[in-house]
Amino acid sequence: MRPPGVSMRLCKMFPLVGNVVRNAGSATLHHRSYCTPVVNIFDRNVKRLQRERAAKRDDVELYDYIKEEVGYRLADRIFDIKRQFTNAVDLGAGRGYVTNHVLGETVQKLTAIDLSPAMLAQIKGSPGLDFSVREMDEERFAFEPDSLDLVVSSLSMHWINDLPACFRAVNRALKPDGVFIGAMFGGDTLYELRSALQLAEQERRGGLAPHVSPFTQIRDVGMLLNRGGFTMLTIDTDELVIGYPSMYELMFDLQGMAESNAAFNRPLHVGRDTLMAAAAIYRDMYARKEEGVSATFQIIFFVGWKPCASQPQPAERGSGTVSLKDLGKVMTPKGAGSSGCKS
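As a starting point, this report considers the structure included with it. Note that this is a predicted model, so its numbers are computed, not measured. (Residues numbered from 1 in each chain as written. Predicted model: local features only at pLDDT ≥ 70, side-chain atom pairs only at ≥ 80, totals over all residues. Heavy atoms only, no water.)

Some thoughts on the packing of helix α6 (residues 191–205) against helix α9 (residues 272–285)
Moving on, step 1. At a minimum axis distance of 8 Å, the contact between α6 and α9 shows a crossing angle of 130°. By the angle between their axes, α6 is oblique relative to α9. For the crossing formed where α6 meets α9, the hand is right-handed. Seen from α6, the contacting residues are E192, L193, A196, L197, L199, A200, E201, E203, R204 and R205; seen from α9, they are D273, T274, A277, A278, I281, Y282 and M285.
Moving on, step 2. Residues belonging to the contact of α6 with α9 are distributed by class as follows: 10 nonpolar, 1 polar and 6 charged. (Axes fitted to C-alpha atoms, helices over the stretch in contact; angles between N-to-C directions. Helix = DSSP H or I, 4+ residues; strand = E, 2+ residues; numbered from the N terminus. Parallel < 35°, antiparallel > 145°, perpendicular 65-115°, else oblique. Left-handed = near helix turned anticlockwise from the far one by under 90°. Contact = heavy atoms within 4.5 Å. Nonpolar A, V, L, I, M, F, W, Y, C, P; charged D, E, K, R; others polar.)

Topic: the sheet that holds strand β7 (residues 174–185)
Moving on, step 1. In space, the 7 strands of this open sheet follow the order β5-β4-β3-β6-β7-β9-β8, with mixed pairing throughout. Looking along the sheet, the strands with just one partner apiece sit at the ends: β5 (130–135) and β8 (231–244). Pairwise comparison of adjacent strand axes, ignoring direction, gives a mean angle of 15° for this sheet.
Moving on, step 2. The pairing of strand β3 (residues 85–91) with strand β4 (residues 107–114) spans 6 bridges and is classified as parallel. When the bridges of β4 are listed, F85 appears paired with V107. (Pairing = 2+ DSSP bridges.)

A closer look at unusual backbone geometry
Moving on, step 1. With a phi angle near 60°, L190 is a residue other than glycine that sits in the positive phi range.
Moving on, step 2. Counting through the fold element by element, L190 comes out in the loop between β7 and α6.
Moving on, step 3. When its relative accessible area of 0% is taken as the criterion, L190 is described as buried.
Moving on, step 4. Of note in this structure, M232 is not a glycine but carries a positive phi near 50°. (Buried < 20%, exposed > 50% of the residue type's maximum accessible area, 1.4 Å probe, protein only.)

Written out as structure tokens, the structure is:
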């Protein structure tokens, strides 16, 4: 039960994950068949309800600006791969942030999956694209082995409890030389909001609790993809810095994006004085030059390939025939000599 005095409105307002403690006492502990303990921090049913409520808002399109931008950039990366994909999946499709930008010339058939049927119903697709929708929990990704050419996921996997298991499931479903392209929030996302809330609680309560979800660091993404069986990894980051009138508008927008708290242990009561102090600290530390405050969203983009014998392979150790000390001679054009250019 929720402790007495906890404001339901404040709990809904807190973005992403509030007061998360990664231990078995504060979350649900499950044991998978491969005997690796997995701590379930996020309540997937709560996340589904949040997405349902967000999708049914009359002004839902007002809150799509981040997911639309990242989805467009991710779809553009699909075009960079010079091949036509026969069968693809949009993992955690939402309202079609990637599907709506994929062309039929690139993907013959695409299946969009998501927790929320209301969001899936709003996917429009693009002209000429043969797409279908399927309600499915991303944590229970299940397609026939070696059946997909492409899996793409945009800003959905930060709510998955067991990322290694999800990556392994995607790898099993891909054909050899299939590709997994994704984007997820990185560790520097909303660092301004995290700092303001922590400083306010420290000053008002003499302690602090994490109110913003722990995000995956870029150094961990490559390791997790390797554990999932992917090779030839490409990982890079980008930052979106967005201005808001105040901290409160940021929090309301995060709720409209369906990015509110979905942890099993809901955040404790936060007093009005603490929120007001946090807003003042935010405005003082992260004010924009023009007006309002800024919020940073770090996006980690990655590409991973399922191994295949036809892929380029590294040369065997010791097979080199040229010493690095002779590299200058190798690179010097024939006949160039040592005269160089006259000064």
